[in-house]
Structure formats: C-alpha cells, structure tokens
Amino acid sequence: NAGVTQTPKFRILKIGQSMTLQCTQDMNHNYMYWYRQDPGMGLKLIYYSVGAGITDKGEVPNGYNVSRSTTEDFPLRLELAAPSQTSVYFCASRGQGDLAKNIQYFGAGTRLSVL
Amino acid sequence: AQSVAQPEDQVNVAEGNPLTVKCTYSVSGNPYLFWYVQYPNRGLQFLLKYITGDNLVKGSYGFEAEFNKSQTSFHLKKPSALVSDSALYFCAVRDGRSNYQLIWGAGTKLIIKP
C-alpha cells in the first residue's frame, strides 16, 4: 500500500532557485497538509487543503504556494528559495469517518537544503 | 493561547524499565489528543489518540497514554521499554478553532539503552 508518497527525498537548491515538492496519496482523503520540521521544533503547518480546488494558509505560508487540482495530488511550490527554507518537509493526508477522523498519515519527507 | 508542551527534550531509559514521555496541553473546547512516533529518516506514524471515554487509551507497539483533565496532561507510557522504541515522539492536540488542524509539541527524543 503506497499511502502518501513524496518526491524527491533530497534536494539542494541555490538561493533564488524555484522547485516543486510533489505529494500524492492513494487513500481518497479529502484533507491534505504540508508541514515543515526544523531541528528541535515541532511541525509547522505551511498550507492545507480540505478538498480539490480548496486551499488555505497555515502558520508559516510565506515563500510557498500550493495547488489542489485533484484529490490525489497536493504539490508545494517554493519560489525564490532562501536559506531560511532549509528544512524537512512533510506532506500528510487525513481520513474521513468517525474511526479515522483526525488521524493524519505522513509521507517519508523531503530534505531540502538551500545554499 | 492554544499550545502543546513536551517539557523534556530527551528521555533516557534502560531496556526493560517502564517509560513515560510527558505532554501537557492548552486548548479551547474538548481536547482531541494524539501521539505520533518518528523513526530516523521516516515520516510520522500515528500511535494512539484520545477523543472521549476511558482516560487510559491503548495504542500500537504496546504504548498507552493517560488523559488527565484536571492536570491537562496526556502522558505516553509503556510498562517495559525496548531498544527499538528509541525514536522521536510527538504529542498533538486538535486545534479547538478548526476541525482541520493539529497543534504539535516540539517532540521528545526517547533513547532506550540496552
């Protein structure tokens, strides 16, 4: 079972470059999330989506953009990369229904360095 | 303000001993509380949750957590630690203002020594 798949696993960017972090899930989940994880810190929510065509900002959205054209895919775009965006990025999705409610399923992460 | 606190950056336990990883929270409304585990170079995995009902909830890998409303705590426990339990543990609470979001603690590194 694939679950939540993120690509790439690692990436090094130069300051000012752009890139897209890919995230896809095969569980037919409506809710999807992008987080960043900095050393010694908890997860910070960047953007989230409650369904195809609907996205909203989280706690730390500056410097990022997202789109949600399908239920499965939720790419995160970095424009004009900065050293402050060096982090590990996690995509997650959330199931529906009473039993699965509120449980988020995570991808393996993308480790990004901006130099 | 809504928040989750994990007061210990690291917890060291000898294999076979009981372990406790602490979590306290502050949230409006009824708390939905979660524990997740992160192994090295992996994404987070759900361990257990408290929504309502018994204050002691059981989860994966022999872990359990005790909800204490008066102390606003949700400590993670295991009667007998294994070396393979060594990982990073995160406590989270549903944001009372939103059905969609979780508020995360900073994480506690659990080290089990043989």
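Along each chain, residue indices are assigned from 1 in the same order as the chain's sequence is written. Chains and ligands are labelled by the order in which they are written, letters from A for the one and numbers from 1 for the other. In view of the model being predicted, local features appear only for residues whose pLDDT reaches at least 70, and side-chain atom pairs are presented and counted only at 80 or more, with totals across whole chains, interfaces and linings using the full set of residues. Each side-chain value is worked out from all heavy atoms of the structure, with water and hydrogens disregarded.

Caption draft 1: Focus on the state of the cysteines. The disulfide criterion is simple: two cysteine sulfur atoms within 2.5 Å. Per the counting criterion, the structure on display carries two disulfides over all chains. The disulfide bridge from A:Cys23 ends at A:Cys91, spanning 1.9 Å between sulfur atoms. Measuring the twist about the S-S bond at about -70°, one finds the A:Cys23-A:Cys91 disulfide to be left-handed. With A:Cys23 in strand 3 (residues 19–25) and A:Cys91 in strand 9 (residues 87–94), this residue pair connects regions lying 68 residues apart in the sequence. Residue class for A:Cys23 comes out buried when judged on its relative accessible area of 2%. When a residue's accessible area, from a 1.4 Å probe over protein chains only, is under 20% of the maximum for its type it is buried; when over 50% it is exposed; and in between it is partly exposed. By relative accessible area, A:Cys91 is classed as buried at 0%. Across the disulfide from B:Cys23 sits B:Cys91; the S-S distance is 2.0 Å. Helix and strand assignments come from DSSP, with helices taken as H or I runs of at least 4 residues and strands as E runs of at least 2, each series counted from the N terminus.

Caption draft 2: Inspection of the side chain of A:Ser87 at higher detail. Position of A:Ser87 relative to the elements: it lies in strand 9. Using a relative accessible area of 6% as the deciding quantity, one classes A:Ser87 as buried.

Caption draft 3: How the structure looks around the sheet that holds strand 3 of chain A. Residue and element names in this part refer to chain A. Strands pair, by our definition, only if DSSP identifies at least two bridges between them. Pairing is antiparallel across the open sheet formed by four strands, whose spatial order is 1-3-8-7. Looking at which strands have only one partner, the edges of the open sheet turn out to be strand 1 (4–7) and strand 7 (64–66). Sheet twist, expressed as the average angle between the axes of neighbouring strands with direction ignored, equals 20°. Here strand 7 runs beside strand 8 (residues 76–78); their pairing, made up of three bridges, is antiparallel. Considered in strand 8, the bridge of Tyr64 is made with Leu78. Note on geometry: axes are C-alpha line fits, over the in-contact stretch for helices, and angles between N-to-C directions span 0 to 180 degrees.

Caption draft 4: Seen up close, the interface of chain B and chain A. Residues count as neighbours in contact if any of their non-hydrogen atoms are within 4.5 Å of one another. Residue-level contacts link 20 residues of chain B with 23 residues of chain A. A buried area of about 1,700 Å², summed over both sides, lies between chain B and chain A, and 53% of it is on carbon and sulfur atoms. As a working definition, buried area equals the accessible area (1.4 Å probe) given up by two parts on being put together, with both sides summed. Summed over the three residues of chain B that lose the most area to chain A, namely B:Leu44, B:Tyr100 and B:Trp104, the buried surface amounts to 33% of that side. Within 3.5 Å is the distance limit for a polar contact, defined as a pair of N or O atoms, with the added protein rule that one can donate a hydrogen and the other accept it, and that residues adjacent in sequence qualify only through two side-chain atoms. Applying the counting criterion to the chain B and chain A interface returns four residue pairs in polar contact (both at pLDDT 80 or more). Counting residues per element, the ones that place at least two in the side of chain B that touches chain A are strand 5 (33–38), strand 6 (44–50), strand 10 (87–94) and strand 11 (102–104) of chain B. Residue composition of the side of chain B that touches chain A, by class: 11 nonpolar, six polar and three charged. Residue type decides the class: Asp, Glu, Lys and Arg count as charged, Ala, Val, Leu, Ile, Met, Phe, Trp, Tyr, Cys and Pro as nonpolar, and the leftover types, Gly among them, as polar.

Caption draft 5: Representation of the pattern of salt bridges. Residue and element names in this part refer to chain A. What makes a salt bridge here is a side-chain nitrogen of Lys or Arg within 4 Å of a carboxyl oxygen of Asp or Glu, nothing more. In the structure shown here, the tally under the stated rule is six salt bridges over all chains. Put simply, Arg36 and Asp38 hold a salt bridge, and the shortest N to O gap is 3.0 Å. On the basis of relative accessible area, Arg36 is assigned to the buried category, the value being 11%. Here Lys44 ties to Glu59 by a salt bridge, and the two come within 3.6 Å at their closest N and O atoms. Here the residue Lys44 occupies a position in strand 5 (residues 43–51), and Glu59 occupies one in the loop between strand 6 (54–57) and strand 7, the gap between them amounting to 15 residues. Using a relative accessible area of 53% as the deciding quantity, one classes Glu59 as exposed.

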